[in-house]
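# Observations on chain architecture
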Amino acid sequence: MYISDLTLSAFRAHDDFKISFGERINLITGPNGIGKTNLLEAIHYLCLTKSFVSARDATAIREGSDEFVIRGRFVDGGTQSRSVSLQYSKATGKTLQVNKATVERVTGHVGLLPVVVFSPDDYGITAGGPEERRRFLDNMLCQASKTYLADLQNFRHALKQRNSLLVQATSHTATFRSQLDAWSSEVVRHGARVINRRRTDISLINSYLHDSLEQLGLANEVPEMRYRSVPVGDVDRGTSSGGRDLSLEEIEERYFEALVEAGSNDMARRRTSVGPHRDELELFVNGRPLRNYASQGQHRTFAMALKLAKYHYLYKLCETKPILLLDDAFDHLDPERIAGYIHLIQDKLECQAFITTANPGVIESIVQWGDPNRHFNLSVMIGALEKE
Amino acid sequence: MHKTSESVQQLIEQFSKLPSIGRKTAQRLAAFVLKMPRNEVVEMAEALVAVKDRVKFCSICHNVTDHDPCSICSSDRRDASLVCVVEESSDVMAIERTNDFRGIYHVLGGVISPLDGVGPDDLSIRSLVARIAAPAEGESATVREVILAMNPDVEGDTTAYYLSQLLQPFDVTVTRIARGLPIGGDLEFADEATLARAIEGRIGLQ
């Protein structure tokens, strides 16, 4: 799948902007602040109805306007095309239209246009805290599975209610305890499904992570992601279940027990302390925890490998090639590495990719420009627009 | 706009207070009222005032009613051993439209939701337990089954769980309404969560 045209109005730096892309590599250059990242952000909006830059949609409205509109045309399999438009207005919020029909349930759109973002922040996935890794995992699972998305949303909602009850409690009466029990059961019902899906997909992601490192020329590094969820223990190694796989019912049981066990602690801290929102996803290379020993360069390489694994995973589960958005992703790399990545995208993945960079030298010299690859110099394009 | 009648303007404003009525719809409704015969307008106005003056809540099931106890609770053709627990009075109307349910109701007046500051004491839960523990005056049979018909969302399911635990000590069957696909609906257009649950809750045909 690829995006052929993009139109922006009152979106960030762009007042009224139209651009047609190539089917493969699209290099976007220009000075800082001209709006290179904005183009990638707009594509991300069309794919997932949200930004990867900021959580607040209102900040993306161009100063002096009340709404922004992003329109794009997506082509799949060479013939089928889908026009997607996303409008955000301060007054009425977000409106998503696919082929001119308004989409009522935005969640139904997620995963139809899979996308993977590469950015310098990816460093945080391997070097940062567990929250970043959970977000990474949730993003790919949500794009791959609408039931996971629904389960995760319900889990978060039930968790919010349970925490709200814990905050409000003035005394721990019998009524309060049975209410807490009821919320525990609801948290477990959705949370256990989240844990179950994370557990089952981790092995698939691991095999893609292995392939990705190989594609990056690091075949002798053996990576492994280990998923650790307090309610079920180190299930990936089968330590707590004696090597046996747990059923959804067993996970539910264990999670409920864990919540009961943590009860007095939760009541004292007024927060739910166990569950998918506290799960850990640990990265090991050749059996050693990556977080403790890896150099900066290794962190970057593994973050890249993780994003590549995400690409392969989404390609497999969504059955369409995801779009790659590389936002200044190469800026800390040496020319040899950059060339390696470009060749990988061009010759192995053969998907549509958008690359922004302030130092385009290496990429300019190794890609053959002209369809399906295009090179956009934004300052030239916008200068031409202004002259009109 | 001030060239038009003051009364028409006022009517438009009143209509726009109603849910899902915008300015344009309010104008259309006002124009329609202008053309209605006077007696019909009086009927409508009286009906509006009557709901505030005459409507009470049934002391047994908490449904809206003109007479206490309500016509469902006081009917001898209803099976008083079967109690269907719902969130709101509008849910009673929905189930009554099926013409299939022969039991009686209990209206909670909402669902448990700490985020909205609603706890069990804010709902008519105590009176439900009392009904099951001992039948109220005018209720003949002991309750045999309680159907929990709250909405299938996070709050509805939690309230159902809470009630099921609360009713455990009593000699009564507690059931939850089934979830699945709408009859006559198109599989293709069902939302993913409903479809997934429907597949999970599949039933054998032999």
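Along each chain, residue indices are assigned from 1 in the same order as the chain's sequence is written. Key to labels: chains lettered from A, ligands numbered from 1, both in the order written. Confidence filtering applies because this is a predicted model: local features only for residues at pLDDT of at least 70, side-chain atom pairs given and counted only at 80 or more, and all residues used for totals across whole chains, interfaces and linings. With hydrogens and water excluded, all non-hydrogen atoms of the structure serve as input to the side-chain values.

Attention now moves to the overall build of chain B. Helix and strand counts for chain B stand at eight helices and six strands. Reading chain B from its N terminus to its C terminus gives the helix and strand order α-α-α-β-β-α-β-α-β-α-β-α-β-α. Relative to a compact globule of 206 residues, whose C-alpha radius of gyration would be 17 Å, chain B shows 22 Å and is clearly more extended. Along the longest, intermediate and shortest principal axes, the C-alpha atoms of chain B span 70 × 50 × 35 Å. For chain B, buried positions account for 35% of its 206 residues. Pairs at least 24 residues apart make up 48% of the contacts formed inside chain B by residues separated by at least 6 positions. Here the accessible surface of atoms and residues is derived via Shrake-Rupley with a 1.4 Å probe, and residues count as covered only by protein chains that are part of the display. A total accessible area of about 13,300 Å² is found for chain B, and carbon and sulfur atoms account for 55% of it. Only four residue types enter the tally: Lys and Arg on the positive side, Asp and Glu on the negative side, with His and both chain ends excluded. The atoms used to mark charge sites are NZ of Lys, CZ of Arg, CG of Asp and CD of Glu. Charged side chains in chain B number 21 positive and 30 negative. The centres of these two groups are separated by 7 Å. By definition, any uninterrupted DSSP run of H or I lasting at least four residues is a helix, any uninterrupted run of E lasting at least two residues is a strand, and each is numbered from the N terminus. The atom set for the radius of gyration is the C-alpha atoms, and the globule formula is 2.2 Å times the number of residues raised to the power 0.38. Buried residues are those whose accessible area, probed at 1.4 Å on protein chains only, stays under 20% of the maximum for their type, while exposed residues exceed 50% and partly exposed ones sit between those limits. A contact between two residues is defined here by any heavy atoms of the two lying within 4.5 Å.

Turning next to the sheet that holds strand 6 (residues 173–176) of chain B. All names here are of chain B. A strand pair is defined by DSSP finding two or more bridges across the two strands. As summarised here, the arrangement of the four strands in space is 4-3-5-6, forming an open sheet in which the pairing is parallel. Sheet topology places strand 4 (103–107) and strand 6 at the edges, where each strand pairs with a single neighbour. Strand after strand, the sheet turns through a mean of 25 degrees between neighbouring axes, direction not considered. Working convention: axes come from line fits to C-alpha atoms, limited for helices to the stretch in contact. Angles between N-to-C directions cover 0 to 180 degrees. The sheet strands contacting helix 5 (residues 89–96) are strand 3 (79–86) and strand 4, and the helix crosses strand 4 at an angle near 160 degrees. Relative to strand 6, helix 7 (residues 154–166) is tilted by about 170 degrees, and along the sheet it contacts strand 3, strand 5 (145–148) and strand 6.

Here we take up the domain arrangement of chain B. Splitting chain B by domain gives domain 1 (6–54) and domain 2 (64–204). Domain start and stop points were drawn from an automatic or database domain assignment. Relative placement of domain 1 of chain B and domain 2 of chain B: their C-alpha centres are 34 Å apart.

A few words on the domain arrangement of chain A. Where interface size is quoted, it is often the accessible area lost as the parts come together. Residue and element names in this part refer to chain A. Each assigned domain of chain A is listed here: domain 1 (1–114 + 321–388) and domain 2 (126–319). Relative placement of domain 1 and domain 2: their C-alpha centres are 30 Å apart. Counting from both sides, the interface comprises 20 residues of domain 1 and, opposite them, 17 residues of domain 2. In this assembly, domain 1 packs against domain 2 so that about 1,700 Å² is buried in total across both faces, 70% of it on carbon and sulfur atoms. We define a salt bridge as a side-chain nitrogen of Lys or Arg found within 4 Å of a carboxyl oxygen belonging to Asp or Glu. Counting across the domain 1 and domain 2 interface gives zero salt bridges. Each polar contact in these results corresponds to two N or O atoms within 3.5 Å; when the atoms are within protein, one needs to be able to donate a hydrogen and the other to accept it, and residues that are neighboring in sequence are counted only if both atoms are side-chain atoms. The interface formed by domain 1 and domain 2 contains two residue pairs in polar contact (both at pLDDT 80 or more). At five residues, helix 10 (residues 335–349) tops the list of elements feeding residues into the side of domain 1 that touches domain 2. For the side of domain 1 that touches domain 2, the class distribution of residues is 13 nonpolar, four polar and three charged. By buried area we mean the combined loss of accessible area, with a 1.4 Å probe, across both parts when two parts are placed together. Throughout, the ten residues Ala, Val, Leu, Ile, Met, Phe, Trp, Tyr, Cys and Pro are labelled nonpolar, Asp, Glu, Lys and Arg are labelled charged, and all others, Gly among them, are labelled polar.

The subject of this paragraph is helix 7 of chain B. For a helix, the expected span equals 1.5 Å multiplied by the number of residues minus one. Counted at 1.5 Å a residue, the expected span for helix 7 of chain B with its 13 residues is 18 Å, and the 18 Å between its end C-alpha atoms agrees. Where helix 7 of chain B is buried, its residues touch helix 4 (146–168) and helix 5 (174–215) of chain A together with strand 3, helix 6 (126–133), strand 5 and strand 6 of chain B.

Moving on: the sheet that holds strand 2 (residues 14–20) of chain A. Picture the strands of a sheet paired through backbone hydrogen bonds; they go either parallel or antiparallel. Here we have six strands laid out as an open sheet, ordered 2-1-4-5-6-7 (chain A), and antiparallel in their pairing. One side of each edge strand has no neighbouring strand; the edge strands of this open sheet are strand 2 and strand 7 (101–102) of chain A.

Tallied over the full model, the rule gives 22 salt bridges over all chains. Linking Arg162(A) and Asp266(A) is a salt bridge whose minimum nitrogen-to-oxygen distance equals 3.2 Å. With Arg162(A) in helix 4 and Asp266(A) in helix 7 (residues 263–269), the pair connects residues that are 104 residues apart, well separated along the chain. The class for Arg162(A) is buried, based on a relative accessible area of 1%. For Asp157(B), the salt bridge identified is with Arg179(B), shortest N-O distance 3.0 Å. A residue pair is termed long-range when its members are at least 10 positions apart, and Asp157(B) in helix 7 and Arg179(B) in the loop between strand 6 and helix 8 (192–200) qualify at 22 residues. With a relative accessible area of 8%, Asp157(B) lands in the buried category. What you see here is one network of salt bridges that share partners, running through Glu186(A), Arg189(A), Asp157(B), Arg176(B) and Arg179(B).

Here we come to the interface of chain A and chain B. Chain A puts 26 residues into the contact, and the matching count from chain B is 20 residues. Taking both sides of the interface into account, the surface hidden between chain A and chain B amounts to around 2,000 Å²; carbon and sulfur atoms contribute 59%. On the surface where chain A and chain B come into contact, there are two salt bridges. Residues Arg189(A) and Asp157(B) are paired through a salt bridge, measuring 2.3 Å at the closest nitrogen-oxygen approach. Between chain A and chain B we count eight residue pairs in polar contact (both at pLDDT 80 or more) in total. Those elements that provide at least two residues to the side of chain A that touches chain B are helix 4 and helix 5 of chain A. Looking at the side of chain A that touches chain B element by element, the count peaks at 12 residues for helix 4 of chain A.

As a further point, take the pairing of strand 5 (residues 80–89) of chain A. Residues and elements named next belong to chain A. Of the pairings in the sheet, the one linking strand 4 (residues 67–76) to strand 5 comprises 10 bridges and is antiparallel in character. Bridged to Arg73 within strand 5 is Ser83. Relative to strand 6 (residues 93–98), strand 5 runs antiparallel, the two sharing six bridges. For Tyr88, the partnering residue across the bridge sits in strand 6 and is Lys94.

With that out of the way, let us pick up the confidence of the model for chain B. Looking at chain B, the pLDDT average stands at 90 and 95% of residues meet or exceed 70. Of the two predicted TM-score estimates for the complex, the pTM is 0.87 and the ipTM is 0.82. pLDDT: the predictor's confidence for each residue, scored from 0 to 100.

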